[in-house]
Amino acid sequence: NYIQGIAFEKVPEAQLDAADQGAIWIATRKGLSVLTRRGAWLPVLPGNSMLPGEDTTAVFIDRENTKWIAIRGSGVCSIDSKSNWGKYSAAQGLFSNNILCITQDSSGSIWLGSQDSGASYLDPKGAWVTFSSENSGLIGNCVRQIMEEKPGTLWFVTASGVSVFDGRNWTSYTAKNSPVAGFIPASMVIDRA
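About the thresholds
Residues numbered from 1 in each chain as written. Predicted model: local features only at pLDDT ≥ 70, side-chain atom pairs only at ≥ 80, totals over all residues. Heavy atoms only, no water. Helix = DSSP H or I, 4+ residues; strand = E, 2+ residues; numbered from the N terminus. Rg over C-alpha atoms; globule rule 2.2 N^0.38 Å. Buried < 20%, exposed > 50% of the residue type's maximum accessible area, 1.4 Å probe, protein only. Contact = heavy atoms within 4.5 Å. Areas by Shrake-Rupley, 256 points an atom, 1.4 Å probe, with all protein chains shown as cover. Lys, Arg positive; Asp, Glu negative; His and termini not counted. Charge placed at Lys NZ, Arg CZ, Asp CG, Glu CD. Pairing = 2+ DSSP bridges. Axes fitted to C-alpha atoms, helices over the stretch in contact; angles between N-to-C directions.

(A) How the structure looks around the overall build of the chain. What the chain contains, in helices and strands, is zero helices and 16 strands. Scaling as 2.2 N^0.38, a compact globule of 193 residues should have a C-alpha radius of gyration of about 16 Å, and the chain matches this with 17 Å. Here the chain holds 193 residues, and the buried ones make up 45% of them. By sequence separation, contacts in the chain at least 24 residues apart represent 36% of the contacts at least 6 residues apart. Accessible area of the chain: about 10500 Å², with a carbon and sulfur share of 50%. Considering the chain, the positive charge centre built from 16 side chains and the negative charge centre built from 17 side chains are found 3 Å apart.

See the structure below:
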């Protein structure tokens, strides 16, 4: 009953009538639940898949329908549209095994926000680039959400405040320099304006 993320498979317009696409992926503390368009519930657990743990903290489906799944303490797994699994953890060079959020920017890079080490993105060439409060202007290392406002401008919701990065410069908002006072930011929505 503890849902930590929901993601929807993309369905090409030409295949809207195909019931084998368009599933809903739900991250929980006890693995993943997948609801197919036919109405069937499919569990994705360590015992029936390559998932390295049950506590899935985030799920994201990118533009190519690759599923990205964060597992507390075990990094991130990916499943492409042909059901090939990939695994990223600290042992393979990932910046943290405790990922809280996943998104994709307009250039196609996959971004991860961690509980303890800031944010990192996987560039299209397969290299991880990491930003933390120690090596950049990111206000805090517990990154709960990453949102792209416009191409090249990303917002980071952290336990210490909110940071925005325009590709060159960082600006952060905390109780000291903004109305963000008396609460710890947990999420953000960017509206059409």
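Now, onward.
(B) Structural detail: unusual backbone geometry. Phi is positive for N65, close to 65°, though the residue is something other than glycine. For N65, the position within the fold is in the loop between β5 (56–61) and β6 (67–71). By relative accessible area, N65 is classed as buried at 15%. Not every positive phi belongs to a glycine, and S83 is a case in point at roughly 65°. Looking at the element boundaries, S83 is found in the loop between β7 (75–79) and β8 (85–88). According to the relative accessible area criterion, S83 is exposed, its value standing at 53%.

(C) Representation of the sheet that holds strand β16 (residues 170–173). The strand order β13-β14-β15-β16 describes an open sheet built from four strands, whose pairing is antiparallel. The open sheet has two edge strands, β13 (143–150) and β16, and neither has a second partner. The mean inter-strand angle of the sheet, taken between neighbouring strand axes irrespective of direction, is 20°. As judged from the four bridges shared by strand β15 (residues 161–165) and β16, these two strands associate in the antiparallel manner. Bridge assignment links V164 to a residue of β16, and that residue is T171.

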